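Descriptive analysis of the structure
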Amino acid sequence: MNIALLGYGRMGKSIEAIAINRNHTISLKISDTKEDYNFSNTDVAIDFSIPSVAVFNIKKALDAGVPIISGTTGWLSQYGEVLDYCKEKNGTFLYASNFSLGVNIFFEINERLSQLMAGLPEYTTEIEEIHHTQKLDAPSGTAITLAEQIVEHTKYNNWTLEETKSDEIHIKAKRIEGVPGTHEITYNSDIDSISIKHTAHSRQGFAMGAVIAAEWIKNKKGVFSMKDVLNIG
């Protein structure tokens, strides 16, 4: 399979190494700019660029009829626009806030736990996420996904990075050199605490999941998620 890498930073290079090891070919490598490029001899595009470029890359791939998966976060205010564009082009698109297979299992655990906690108003909820200092957006897309799952099933109406209100989940976003990604959800009461936590040890899990998603999405049409790739949920 021929893969185009849109965004060639640390993640792009990790994806390249895994893709080549799985007998794929890299057809295109571009930096985080709105370049004039084409998708000749490309089966699937993988976007790990930056928020200001992601939508440009996604639409360019859809215009070319190339399936695209995106792990770039920080652009989701335009998510609905991208979905409409994909449908208009009869294209193929998959977005995930996190491609790690372990994190996607963690999402399922988080959703189930939030359902169990829904009837226990004596517990308050908070999320802590820690990433490397090069990560531009805060909170992480993964933390937002976790918060939105909790909001769907509990008393909370929203999440916030600021001082929390009773109907908001407080997300603590920390940036520490060399940390690939840690997410922890804690339910606190006067009696006890319940926590679930996922810790990434390297970028390899994210890169492997992206390549697996690219392998899965080839020759498909529509809008998908990692639930489809992993056949969960």
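Residues numbered from 1 in each chain as written. Predicted model: local features only at pLDDT ≥ 70, side-chain atom pairs only at ≥ 80, totals over all residues. Heavy atoms only, no water.

**Describing the overall build of the protein**
Rule in force here: Only DSSP runs of H or I reaching four residues or more are called helices, and only runs of E reaching two or more are called strands; each is numbered from the N terminus. Restricting the calculation to C-alpha atoms gives the radius of gyration, and the globule rule supplies 2.2 Å times the number of residues raised to the power 0.38. Burial status follows relative accessibility: with a 1.4 Å probe on protein chains alone, a residue under 20% of its type maximum counts as buried, one over 50% as exposed, and anything between as partly exposed. Only heavy atoms enter the contact rule, under which two residues are in contact if any of them lie within 4.5 Å. Charge assignment in this entry is limited to Lys and Arg as positive and Asp and Glu as negative, and neither His nor the chain termini are counted. Charge positions come from single atoms, namely NZ of Lys, CZ of Arg, CG of Asp or CD of Glu.
Along the backbone of the protein there are seven helices and 11 strands. Computed over its C-alpha atoms, the radius of gyration of the protein comes to 18 Å, within 12% of the 17 Å expected for a compact globule of 233 residues. Considering the protein as a whole, with its 233 residues, one finds that 49% of them fall into the buried category. Within the protein, residue pairs in contact and separated by at least 24 positions form 64% of the contacts whose partners lie at least 6 positions apart. The protein carries 22 positive and 29 negative side-chain charges, and their two centres are separated by 6 Å.

**Quick look at the pattern of salt bridges**
Side chains bearing opposite charge may pair, as long as their charged atoms lie close to each other. The criterion, for reference: The rule for a salt bridge is simple: a side-chain nitrogen of Lys or Arg has to be within 4 Å of a carboxyl oxygen of Asp or Glu.
All chains considered together, the criterion is met by nine salt bridges. The salt bridge partner of Lys29 is Glu16, with a shortest N-O separation of 3.1 Å. Of this pair, Lys29 sits in strand β2 (residues 25-30) while Glu16 sits in helix α1 (residues 10-21); the two residues are 13 residues apart in sequence, bridging distant segments of the chain. The partly exposed category is assigned to Lys29, whose relative accessible area is 43%. Classification of Glu16 as buried rests on a relative accessible area of 14%. Between Glu129 and Arg175 there is a salt bridge, and its shortest N-O distance comes to 2.8 Å. Residue Glu129 is located in strand β6 (residues 124-131), and its partner Arg175 is located in strand β8 (residues 168-175); the two are separated by 46 residues in the primary sequence. According to the relative accessible area criterion, Arg175 is partly exposed, its value standing at 25%.

**Section: the environment of Phe107**
Positionally, Phe107 belongs in helix α4 (residues 101-117). Residue Phe107 is classed as buried on the basis of its relative accessible area, which comes to 7%. A sequence separation of 115 residues divides Phe107 from Gly222, and the C-alpha atoms of the two residues are 22 Å apart. Beyond its immediate stretch of four places on either side in the chain, Phe107 contacts Ser97, Asn98, Thr142, Thr145, Leu146 and Gln149.

**Observations regarding the nonpolar core**
The condition is simple: Side-chain atoms within 4.5 Å link the members of a nonpolar core, which is a set of buried Ala, Val, Leu, Ile, Met, Phe, Trp, Tyr and Cys residues.
Counting residues in hydrophobic clusters, the biggest one holds 26 residues, and the most contacted among them are Ile15, Ile46, Ile69, Leu94 and Phe99. Examining the composition of this core, we find that seven residues originate from one element, helix α6 (residues 204-217), more than from any other. Non-local contacts of Ile46, meaning those with residues more than four positions away in its chain, are made with Ile3, Ala4, Leu5, Leu6, Ile15, Ile69, Ala210 and Ala214. The next biggest cluster of nonpolar side chains, apart from the first, holds 21 residues, and it includes Leu28, Leu62, Trp75 and Cys86.

**Notes on α4**
To keep it simple, the criterion reads: Residue count minus one, scaled by 1.5 Å, sets the expected span of a helix. Under this definition, polar contacts are N or O atom pairs within 3.5 Å; protein pairs additionally need one hydrogen-donor-capable and one acceptor-capable atom, and for neighbouring residues in sequence, both atoms have to be side-chain atoms.
The end-to-end C-alpha separation of α4 is 25 Å, in line with the 24 Å expected for 17 residues at 1.5 Å each. Within the sequence span of α4, burial applies to Val103, Asn104, Phe106, Phe107, Asn110, Glu111, Leu113, Ser114 and Met117. For α4, the capping residue at the N-terminal end is Ser100, with a side-chain oxygen 3.2 Å from the backbone nitrogen of Gly102.

**Examining the packing of aromatic side chains**
Defined as follows: Aromatic rings from Phe, Tyr and Trp, with only the six-membered ring used for Trp, were paired whenever their centres fell within 6.5 Å, and each pair was classed as stacked if the ring planes differed by under 30 degrees, edge-to-face if by over 60, and tilted otherwise. The rule is short: NZ of Lys or CZ of Arg within 6 Å of the ring centre and within 35 degrees of the ring normal puts a charge over the ring.
Evaluation of the coordinates by the stated rule reveals eight aromatic pairs. Taken together, a centroid distance of 5.8 Å and an interplanar angle of 55° make the contact between Phe48 and Phe99 tilted. Of the two residues, Phe48 sits in the loop between β3 (44-47) and α2 (51-63) while Phe99 sits in the loop between β5 (92-95) and α4, which places them 51 residues apart along the sequence. Through pairs of rings, three or more aromatic residues link up here, namely Trp75, Tyr79, Phe93 and Tyr95. Here the guanidinium or amino end of Lys59 rests over the ring plane of Tyr85, the centre of that ring lying 5.1 Å away. Lying across the ring of Tyr37, Lys60 places its NZ or CZ 5.0 Å from the centre.

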